[in-house]
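# Architecture at a glance
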Amino acid sequence: MVKRWPKDTIAAGYRHTALLNSDGTVTAVGDNKYGQCDVSSWCDMVAVAAGNAHTGNAHTVGLKSDGTVVAVGWNKYDQCDVSGWRDMVAVAAGWRRTVGLKSDGTVVAVGRNNEGQCNVSGWRGMVAVAAGDWHTALLKSDGTVTIVGNNRYGQSNVSGWHDIVAAAAGYLHTAGLKSDGTVVAVGRNNDGQCNVSGWRGIVAIAAGSHHTIGLKSDGTVIAVGRNNEGQCNVSGWRGIQLPGN
């Protein structure tokens, strides 16, 4: 049985941000062209996720305490068609799709599947999900990672990974946090987004389109990758904690 509940309390889309409040409601700000910020009626939520497209089209997903899922926003590829989902314990939102992890360790996905990124129906024993632009990563209970979808830059080459406790998926790269606090990464590295081999003492990771972020046990943050908009300027951050800590 997958442990409840995830602690995905904040999510960033291409041009919008969603925040899970302590009372189970959700707040969203930013671009609302497709209604991706229309979450004022949401309640009893335990996690949020935000998908995006390079054009700015986006959707927002919310996991409720009863294991059902809601979604608003851009739905051209049916990525918001989650009303029938039940027994969910985690959700992830990628580019034009939504992925859900069930309490029995199985996975469901809706949305665009041109490269097999939604081919998750046969998976078992999963404990976490991550959605990149064209690939979907799932963490298994044995600490290994399985990926489906695009592998043009080797972002799905994780067969040798082990002792993984968290995974993050970016545009064309994948990062994995190991139980010893080190990080591994594969995929496109044109901006140095996979240069994580020297990281130590990491307790959480996140992947943007072209950059990778690591939260250290001392509450500081490290980042590598594209920094054209200052997205890696985190060296002065202090006292950062995981939700619930």
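Structure shown above.
These figures come from a predicted structure and were not determined experimentally.

### Remarks on the side chain of T106
Relative to the helices and strands, T106 is located in the loop between strand 8 (97–102) and strand 9 (107–111). Judged by its relative accessible area of 13%, T106 is buried. There is a polar contact of 2.6 Å between the side chain of T106 and the side chain of D104. Residues contacting T106, with those up to four places away along its chain left out, are G100, L101, W123 and R124.

### Considerations on the packing of aromatic side chains
The full count for this structure, using the stated rule, is four aromatic pairs. Between W134 and Y171, the aromatic rings sit 5.5 Å apart at their centres with planes inclined by 50°, giving tilted as the arrangement. Highlighted residues: W134 in the loop between strand 10 (126–131) and strand 11 (135–140) and Y171 in the loop between strand 13 (164–169) and strand 14 (173–178), separated in sequence by 37 residues. R96 extends its terminal NZ or CZ atom over the ring of Y77, reaching a point 5.2 Å from the ring centre.

### Details of the pattern of salt bridges
Under the defined criterion, the tally for this structure stands at one salt bridge. With a shortest N-O distance of 3.2 Å, R226 and D191 are connected by a salt bridge. Here R226 is found in the segment after strand 18 (221–225), whereas its partner D191 is found in the loop between strand 15 (183–187) and strand 16 (202–207), with 35 residues between them in sequence. On the accessibility criterion, R226 (29% relative accessible area) is partly exposed. Note on D191: relative accessible area 25%, which makes it partly exposed.

Rules of the game
- Residue numbers here run from 1 along each chain, matching the order of that chain's written sequence.
- Since the coordinates come from a predicted model, pLDDT governs what is reported: local features require at least 70, and pairs of side-chain atoms require 80 or more to be given and counted, while whole-chain, interface and lining totals use all residues.
- Only heavy atoms go into the side-chain values, all of them from the structure, while hydrogens and water stay out.
- Numbered from the N terminus, helices here are DSSP runs of H or I no shorter than four residues, and strands are runs of E no shorter than two.
- Exposure classes here rest on a 1.4 Å probe applied to the protein chains alone. A residue is buried below 20% of its type maximum, exposed above 50%, and partly exposed in between.
- Two N or O atoms form a polar contact when they lie within 3.5 Å of each other; inside protein one atom must be a possible hydrogen donor and the other a possible acceptor, and for residues adjacent in sequence the pair counts only when both atoms belong to side chains.
- The contact criterion used throughout is that any non-hydrogen atoms of two residues lie within 4.5 Å.
- For Phe, Tyr and Trp, rings pair up if their centres lie within 6.5 Å, where Trp contributes its six-membered ring, and each pair is then called stacked (planes under 30 degrees apart), edge-to-face (over 60) or tilted (otherwise).
- Note on criteria: charge over ring means Lys NZ or Arg CZ within 6 Å of the ring centre, with the direction from the centre no more than 35 degrees off the ring normal.
- By salt bridge we mean one thing: a side-chain nitrogen of Lys or Arg within 4 Å of a carboxyl oxygen of Asp or Glu.

By themselves, these are just geometric observations and shouldn't be taken as functional.
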